[in-house]
Amino acid sequence: MQKVKVSLTVNRKKYNLKVDPDERLLDTLRDRLHLFGVKEGCSIGECGACTVILDGKAVNSCMVYTFQIDGSQVLTVEGLEIDGRLDPLQLSFIEHQAVQCGFCTPGMLMSAKALLNKNPNPDKEAIKTAIEGNLCRCTGYQQIIEAIEAATKKDGSE
Amino acid sequence: MIEFEALKPQNLKEALAVLKEKGMDIKILAGGTDLLVEINNNSDRLGDFKYLMDISSIKGLDEIENKKEHLIIGALCTHTQISESELIKRNFPILIRSAKTIGSTQIRNRGTIGGNINNGSPAADLITPLIALKGSVILKSKNKKRELPLQDFITGPYKTDRKEDEIMTKIKIPKITSDYQSSFQKVKRRQAVAIARINLAVVTDIKKKRFNDIRVVFSSATPTAIRFLKIEKRLKQAHINELDLESIAEQTGQEMVEITGERWSTPYKKPVVGNLLIRALQEIIREVQ
């Protein structure tokens, strides 16, 4: 298979890569850029563990070939932290103990982040819709929803 | 492992030229929410192909246009775009309701209406309402452009009438008056990220308390999305307050068996399709009363 040239901005840093045609964004992020916060769960778009933000939208990185997205911006959970400071959402997840085993957490955070970027004051239904494609097999949804709700309130009042 | 080369045409013209030359060896990729799963699973449905041609970033195929008598939806419009479109909401709320049930936020952000149609799944959520809305599809090849009813484009489960040098560019839906009501019903195993077990779209206008034009389209419980013409005929001109619900449900189940044949799931689906139609009709009748 012939490699394809792709340039990507990942977590605000630019990369020029040569990728295989069947290399998924998930593979590029984990195997080339060593961003292990992007998790591979089901590989068929059902679990959301591999969720990243692609050009402003939450997507399953297992369902995108890297060669498709030349010139795109990608944000992974590693990019939420800026200059050593965690994102308010991350702080809220910690505060509300919204993490059990942690495998779904990066995907949950990225789905929530994409929602808040678009709609800073979502209601509970909007929050549930935003994370409907993210499975938490520890079933800690209540705390996750509370953590996202609290992060929205903070953004609004401060 | 499936091996393929990547093709990434810069515009539609280039894509059509490449298809003309080697269309028989090309698989077209848009949002990838169906195709990547099939490639990942080494699905038999894929057939042989040497090239994967990505059209997802081709410009001009993701617009929604408001024409005098039609609404035109670009084949690369994502399910999210459709769900959020004011134009579609005003004209065809049933499409919004069905688009919102697809997959999850992540899948709706990538998956496209053209992909949903061309994959040709019997459970494709957008095909059902689009057939009820009498939608047609526009296909382009290097030297030709043609339009045909969506109903004729889908020729079987995962089979379509697309020729190997063609790309679907647009979906065209004739506008309906504000008298029209619609209902979309979906039976699925869980709320999100679920493939439909049964889909139903009903589009009708009610005049003097009678169903005038009525279109009943089921899918998933049938090999392809299909209008139930017998039940449509029975309902046409029926008074909305004098419906024999039990016998309508029964007849709907029978029509499904006539179309699909007896399967392992028939004892479940036969009564459920009938009850779903009743639910849809009641929803519509509540709206007009």
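Scroll up a little and you will see the structure.
The following paragraphs examine the structure supplied in this document.

**Some words on helix α5 (residues 93-100) of chain B**
Every α-helix winds through 3.6 residues per turn, so residues three or four apart in the chain are directed the same way.
Residue and element names in this part refer to chain B.
Stage number 1. Burial in α5 covers these residues: Ile-94, Leu-95, Ser-98 and Ala-99. Looking straight down α5, one finds its buried side chains confined to an arc of 130°; they lie on one side.
Stage number 2. Looking at the buried side of α5, the elements it contacts are α3 (79-84), α4 (86-91), α8 (127-132), β11 (180-187) and β12 (198-207).

**Some remarks on the interface of chain B and chain A**
When the parts of a complex come together, some accessible area is lost, and that lost area is often taken as the interface size.
Stage number 1. Contacts between chain B and chain A engage 23 residues on the former and 25 residues on the latter.
Stage number 2. Every element with two or more residues in the side of chain B that touches chain A is listed here: β1 (5-7), α2 (35-40), β3 (51-54) and α6 (105-110) of chain B.
Stage number 3. If you tally residues by element for the side of chain B that touches chain A, the top one is α6 of chain B, at five residues.
Stage number 4. Grouping the amino acids of the side of chain B that touches chain A by side-chain chemistry returns eight nonpolar, 10 polar and five charged.

**Notes on the sheet that holds strand β4 (residues 57-60) of chain A**
All names here are of chain A.
Stage number 1. A sheet is described by the order of its strands in space; here five strands give the open sequence β2-β1-β5-β3-β4, paired in mixed fashion. Looking at which strands have only one partner, the edges of the open sheet turn out to be β2 (13-19) and β4. Geometrically, the sheet is characterised by an average inter-axis angle of 40° between neighbouring strands, direction not taken into account.
Stage number 2. Looking at chain direction, strand β3 (residues 51-54) and β4 are connected through four bridges and run antiparallel. Bridge pairing in β4 links Thr-51 to Asn-60.
Stage number 3. Along the sheet, helix α1 (residues 25-32) contacts β1 (4-10), β2 and β3; its crossing angle with β2, the most-contacted strand, is approximately 110°.
Stage number 4. Packing of helix α3 (residues 105-118) onto the sheet brings it into contact with β3 and β4, and relative to β3 it is tilted by some 30°.

Rules behind the numbers
Residues numbered from 1 in each chain as written. Chains lettered and ligands numbered in written order. Predicted model: local features only at pLDDT ≥ 70, side-chain atom pairs only at ≥ 80, totals over all residues. Buried ≥ 20, exposed ≤ 12 C-beta atoms within 10 Å, placed from the backbone. Helix = DSSP H or I, 4+ residues; strand = E, 2+ residues; numbered from the N terminus. Arc of directions from axis to C-beta. Contact = placed C-beta atoms within 7 Å. Nonpolar A, V, L, I, M, F, W, Y, C, P; charged D, E, K, R; others polar. Pairing = 2+ DSSP bridges. Axes fitted to C-alpha atoms, helices over the stretch in contact; angles between N-to-C directions.

All we've got here are geometric facts, nothing functional implied.
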